[in-house]
Amino acid sequence: MKQSLIFLFIFLFISAHAQKGKDYDNKKSTSMMPIVNGLYETINTLENENVEIVRIEFDQIVNKKTSIRKLDAGFTYGLMAYADYRVKQIVVRVSKKEKNEWKLLSLGETNGATAILHLEVKETADYLIEIEVKEFADGYTNAHYGLIIIHN
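Residues numbered from 1 in each chain as written. Predicted model: local features only at pLDDT ≥ 70, side-chain atom pairs only at ≥ 80, totals over all residues. Heavy atoms only, no water.

1. As for the sheet that holds strand S8 (residues 125–136)
Reasoning step 1: The four strands lie next to each other as S2-S8-S4-S5, forming an open sheet whose pairing is antiparallel. Since the sheet does not close on itself, it has two edges, and those belong to strand S2 (64–71) and strand S5 (101–107), each with one partner. Taken pair by pair, the neighbouring strands of this sheet meet at an average axis angle of 30 degrees, ignoring direction.
Reasoning step 2: Across six bridges, strand S4 (residues 87–98) lies against S5 in antiparallel orientation. Bridge pairing in S5 links Glu-98 to Glu-101. (Pairing = 2+ DSSP bridges. Helix = DSSP H or I, 4+ residues; strand = E, 2+ residues; numbered from the N terminus. Axes fitted to C-alpha atoms, helices over the stretch in contact; angles between N-to-C directions.)

2. What about the packing of aromatic side chains?
Reasoning step 1: Under the definition given, this model contains two aromatic pairs.
Reasoning step 2: Taken together, a centroid distance of 6.2 Å and an interplanar angle of 65 degrees make the contact between Phe-75 and Tyr-77 edge-to-face.
Reasoning step 3: Residue Phe-75 is classed as partly exposed on the basis of its relative accessible area of 26%.
Reasoning step 4: The class for Tyr-77 is buried, based on a relative accessible area of 2%.
Reasoning step 5: Residues Tyr-85 and Tyr-140 carry aromatic rings whose centres are separated by 5.8 Å and whose planes lie at 85 degrees to one another, so their mutual orientation is edge-to-face. (Phe/Tyr/Trp six-rings, centres within 6.5 Å; stacked < 30°, edge-to-face > 60°. Buried < 20%, exposed > 50% of the residue type's maximum accessible area, 1.4 Å probe, protein only.)

3. Description of the sheet that holds strand S3 (residues 76–83)
Reasoning step 1: Spatially, S1-S9-S3-S7-S6 is the arrangement adopted by the five strands of the open sheet, whose pairing is antiparallel. With partners counted over all chains shown, the strands left at the sheet margins are strand S1 (52–61) and strand S6 (109–111), one partner each. On average, each strand axis in the sheet is tilted by 15 degrees relative to the strand beside it, whichever way the strands run.
Reasoning step 2: One ladder, built from three bridges, connects S6 with strand S7 (residues 114–120); its direction is antiparallel. What sits directly across from Glu-109, in S7, is Ile-116.

4. Remarks on the pattern of salt bridges
It is possible for side chains of opposite charge to pair when their charged atoms get near one another.
Reasoning step 1: One pass over the full model with this rule turns up 10 salt bridges.
Reasoning step 2: A salt bridge links Lys-88 to Glu-135; its shortest N-O distance comes to 3.9 Å. With Lys-88 in strand S4 and Glu-135 in strand S8, this pair connects stretches of sequence that are 47 residues apart.
Reasoning step 3: By relative accessible area, Glu-135 is classed as partly exposed at 37%.
Reasoning step 4: Taking the shortest distance from any N to any O, the salt bridge between Lys-134 and Glu-132 comes out at 3.8 Å. (Salt bridge = Lys/Arg side-chain N within 4 Å of Asp/Glu carboxyl O.)

5. Section: the pairing of S4
Taken residue by residue, a regular strand's side chains alternate between the two faces of the sheet.
Reasoning step 1: Pairing analysis gives nine bridges linking S4 to S8, with the strands arranged antiparallel. Bridging from a neighbouring strand, Ser-95 pairs with Leu-128 of S8.
Reasoning step 2: Where S4 hands over to S5, the hairpin turn is made up of two residues, of which Lys-99 adopts a positive phi near 50 degrees.

6. What about helix H3 (residues 39–48)?
Reasoning step 1: Along H3, the residues that are buried comprise Leu-39, Thr-42 and Leu-46. Along the axis of H3, the buried residues cluster in a sector spanning 60 degrees; they form a single face. H3 presents Tyr-40 and Asn-48 as exposed residues on the side facing more than 90 degrees away from its buried surface.
Reasoning step 2: Trailing H3 by a residue or two, Asn-50 shows a phi angle of about 60 degrees, which is positive. (Arc of directions from axis to C-beta.)

In structure tokens form, the structure reads like this:
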């Protein structure tokens, strides 16, 4: 539970920076500054709360990004996906392969351009992580996003 509260706090802090990020962007809307602004404070806070950051990712997104990652049994993972000011709604999902098909395990809680997900892993295996933009802000068709994965 403590991990959930910490992650929620960090989530709100970093997403607030990203949504105000238009001020940090360049004229072409191609700068990563809006999405990484506040990252140092986020890392510092998480590491001071005895959680381990196991992945930090930043990329451009048009509709959906997927990646496969091995997650280890016995850990509770927290995933935080957030987007810059060009996104109105983002979603994060985790699936596990069963009989050659990906089965949805968890859908994150979405709050606008931020989404968080907690997953208690029972079996070490490869998991599919999907980040999807459900709605862009008016006038935009792409954006930058960040993904932070932690575990206890």
